[in-house]
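What follows is each chain in one-letter form.
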Amino acid sequence: MSEDRLERMEKKLDNLADALVSLVRMEERMVTLFKRMDSYDENQREMGKRIGTLEHSTNNNGQMLRFVERLFWIVATTAVGYFFVNK
């Protein structure tokens with residue numbers, strides 16, 4: 001009877017050891033996932049900064065392009081007007 005009891009206790013201890021090993025493995029996976037998520041967050045912040053810089057640059061280029069386009073049309077209109085007036 002005591003041998004049976006010892007055997008059941010050993011079996012329960014083995015099950016506990018297996019459960020503990022499983023918990024440790026799960027914790028390691030979670031740590032790995034959290035590190036990966038931190039890396040993704042860092043990359044996302046960096047991309048946000050780069051997009052902000054790009055938007056600022058694009059806005060400046062758009063304003064310059066509008067100015068150059070207006071200047072072109074002023075010069076073109078003046079040239080066409082000058083051509084017809086002096087003909």
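Everything here concerns the structure above.
Below is a summary of the structure that appears in this document. Remember, predicted model here, so these are calculated numbers, not experimental data.

## Here's the deal with the overall build of the protein
A tally of helices and strands in the protein yields 1 helix and 0 strands. A compact globule built from 87 residues would reach a C-alpha radius of gyration of about 12 Å, whereas the protein, at 37 Å, exceeds it by more than 25%. Within the protein, the proportion of its 87 residues that are buried is 0%. When the accessible surface of the protein is split by element, carbon and sulfur atoms take 61% of a total near 9000 Å². Placing the 14 positive and 14 negative side-chain charges of the protein at their respective mean positions leaves the two points 12 Å apart.

## Regarding a negative patch on the surface
Together, E3, D4, E7, E10, D14 and D18 make up a negatively charged patch on the protein surface. Considering the arrangement of structural elements, one finds E3 in helix α1 (residues 2-85).

## Observations regarding the packing of aromatic side chains
Under the counting rule described, the total for this entry stands at 2 aromatic pairs. Both rings, one in F72 and one in W73, keep their centres 5.1 Å apart while their planes meet at 70°; by these two values the pair is edge-to-face. With a centroid separation of 5.6 Å and an interplanar angle of 70°, the aromatic rings of F83 and F84 are classed as edge-to-face. Judged by its relative accessible area of 49%, F83 is partly exposed. Residue F84 is classed as exposed on the basis of its relative accessible area of 58%.

## Examining the environment of E28
Considering the arrangement of structural elements, one finds E28 in helix α1. Classification of E28 as exposed rests on a relative accessible area of 51%.

## Concerning a nonpolar patch on the surface
Residues L20, L23, V24, M26, M30, F34 and M37 make up a contiguous nonpolar surface patch of about 680 Å² in total accessible area. Taking the relative accessible area as the measure of exposure, L23 reaches 52% and is therefore exposed.

Conventions adopted
Residues numbered from 1 in each chain as written. Predicted model: local features only at pLDDT ≥ 70, side-chain atom pairs only at ≥ 80, totals over all residues. Heavy atoms only, no water. Helix = DSSP H or I, 4+ residues; strand = E, 2+ residues; numbered from the N terminus. Rg over C-alpha atoms; globule rule 2.2 N^0.38 Å. Buried < 20%, exposed > 50% of the residue type's maximum accessible area, 1.4 Å probe, protein only. Areas by Shrake-Rupley, 256 points an atom, 1.4 Å probe, with all protein chains shown as cover. Lys, Arg positive; Asp, Glu negative; His and termini not counted. Charge placed at Lys NZ, Arg CZ, Asp CG, Glu CD. Patch = residues over 30% accessible without salt bridge, like charges linked within 9 Å, V, L, I, M, F, W, Y side chains within 5 Å. Salt bridge = Lys/Arg side-chain N within 4 Å of Asp/Glu carboxyl O. Phe/Tyr/Trp six-rings, centres within 6.5 Å; stacked < 30°, edge-to-face > 60°.

So yeah, pure geometry; function would need other evidence.
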